[in-house]
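Geometric and topological summary
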Amino acid sequence: MKTKYIAILLALMASTFTVKAQTLDSLLKKAYDKNPALKALQLEYEAALQKGPQVSQLPDPTVGVGIPVLPVETRLGSQNLIISASQMFPWFGTLKAKENVALTMAKSKYERIAAERLDIDYQIKTAYFNLYLLREQQKIIRKNIRIFETIEKVALAKVESGKSIASDVLTVRIKVEELNQQIQILEERKQGFSASINEAVNNPNNDTIQVNTTKLELAELAYDLEQLKQKIESNHPLIKQLDWNIEASNKALDLNTLDGKPTFGIGLDYSLVTGRTDAIPENNGRDILIPKVMVSIPIYRKKYTAKKQEEELKQQAFEFQKESLTNQMMSSIQGYKSEYESAKLMYELANKQIEISNRAYDILLADYSSKGKRFDELMKLQSDINRYEIEIIKSIVQSHLAKFKIDRLTDF
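What you are looking at is a predicted structure, and each value in this text was computed from that prediction instead of being measured. (Residues numbered from 1 in each chain as written. Predicted model: local features only at pLDDT ≥ 70, side-chain atom pairs only at ≥ 80, totals over all residues. Heavy atoms only, no water.)

**Description of the overall build of the chain**
- Scanning the chain from N- to C-terminus turns up ten helices and seven strands.
- In terms of overall size, the chain is more extended than a compact globule, its C-alpha atoms giving a radius of gyration of 40 Å where 412 residues would be expected to give roughly 22 Å.
- Projected onto its principal axes, the C-alpha coordinates of the chain cover approximately 145 × 65 × 30 Å.
- By residue count, 37% of the 412 residues in the chain fall in the buried class.
- In the chain, once contacts between residues fewer than 6 apart in sequence are set aside, the share between residues at least 24 apart is 83%. (Helix = DSSP H or I, 4+ residues; strand = E, 2+ residues; numbered from the N terminus. Rg over C-alpha atoms; globule rule 2.2 N^0.38 Å. Buried < 20%, exposed > 50% of the residue type's maximum accessible area, 1.4 Å probe, protein only. Contact = heavy atoms within 4.5 Å.)

**Focus: unusual backbone geometry**
- The backbone of Asn283 shows a phi angle near 65°, a positive value even though the residue is not glycine.
- Here Asn283 lies in the loop between β6 (263-274) and β7 (288-296).
- For Asn283, a relative accessible area of 37% corresponds to the partly exposed category.
- Positive phi values are uncommon outside glycine, yet Arg374 reaches one of about 65°.
- On the basis of relative accessibility, which here comes to 40%, the residue Arg374 falls in the partly exposed class.

**A few points about the nonpolar core**
- Of all hydrophobic cores here, the largest spans 57 residues; its most connected members are Ile124, Phe129, Ile151 and Ile197.
- Put simply, the parts of the chain that give this core at least two residues each are α2 (24-34), α3 (36-49), α5 (94-161), α6 (166-201), β5 (208-211), α9 (302-371) and α10 (375-410).
- In terms of residue count, α5 provides more of this core than any other element does, 19 residues in total.
- With residues up to four places along the chain from it excluded, the contact list for Phe129 reads Leu24, Leu216, Val397, His400, Leu401 and Phe404. (Core = buried A, V, L, I, M, F, W, Y, C linked by side-chain atoms within 4.5 Å.)

**Observations concerning the pattern of salt bridges**
- Applying the stated criterion across every chain, the model contains 27 salt bridges.
- Across the salt bridge formed by Lys380 and Asp384, the nearest N and O atoms sit 3.1 Å from each other. Linking Lys380 with Asp384, this pair stays in helix α10, spanning four residues, or about one helical turn.
- Owing to a relative accessible area of 55%, Lys380 belongs among the exposed residues under this scheme.
- Salt bridges linked by common partners bring Lys307, Glu310, Glu311 and Lys314 together as one network. (Salt bridge = Lys/Arg side-chain N within 4 Å of Asp/Glu carboxyl O.)

**Details of a nonpolar patch on the surface**
- A surface patch of nonpolar side chains, amounting to about 960 Å² of accessible area, comprises Leu58, Phe89, Phe264, Ile266, Val293, Val295, Ile297, Ile299 and Tyr300.
- Breaking the nonpolar patch down by element, the ones donating at least two residues are β6 and β7.
- Note on placement: Leu58 falls in the loop between α4 (51-55) and β2 (62-66). (Patch = residues over 30% accessible without salt bridge, like charges linked within 9 Å, V, L, I, M, F, W, Y side chains within 5 Å. Areas by Shrake-Rupley, 256 points an atom, 1.4 Å probe, with all protein chains shown as cover.)

Don't take any of this as a statement about function, it's just geometry.
Structure below.
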């Protein structure tokens, strides 16, 4: 029965706290399928595509019915009912031009989807690699706890032999307790990064993401500033969005020219005539049927001139926005490159320091084991080794994070 209750308790705990070991690629794929922001942008794009059929239709025909309050008398009788219908037609190509403007603006919205995907990629990758960093830091600390526990055993042996004092043992135990506390702090920090991933992939907020990746090495960064600039100028989604805005503005200019052309219409008027009773002229009571042809001539040209100037100014603004955005991205890339180089230098320095410190540690441990001396130096050196090991994994992760920042601007 006791075993049964333990099994039930474990099942309840498993249902409350979900731990998922997932690869980075699987999380990215899930985000593309389930991220609410991406879905919203996709629906906005699909909605924008429906604008084309709305603006490419002929204007609705008009139909009117009139009943004269005072009947109009004609030679053949009085008009008691008047029905009219008309249909206007814009200048040739106007409807297609309206559709082109709408579809080009929809393409601009589509680029927002690609830009959002870059942001989601960055959000997931940075959170995932920070989770990896926290996990590796915990591993390093646990390893160092085992080393300090070994030192504690040596200290106990020295105390028993009278070659050391009891405070050495207490000092080691305090250090072990401090390291255990650090592990708990790092565990708490994982929750924030898990929440960031859960938001991106539309998971419940309390899901814990467990990284599933092998040991990382320093990131490799291919860096050609001019080539990256050309890539951004030609293919970055935010730049392409501005290009589509310029294209839409050009098509709006074409539409403006067509809107300045005359529009034509055809119509038909029908009058119901009641025959005369005081006389019987030929065709007495014959109804009236009048076909009509109409033309609307855009005489007032100021609005078309203003529209042309508006679109030309918008295009200039878009060009300056492209230039400003490109400059900002290139400046950011250079800053991220500096972050990468700093991480690389820190990695090399920490490796050199740990190599020297390990040799010194062996000497101090042997000296303390035999003579019970230089305990403080031994403790400090082991703490330094712990710090160097953490600096190594930090610099590795920082090199990848710097690369992710560059990828956010160039990997599309």
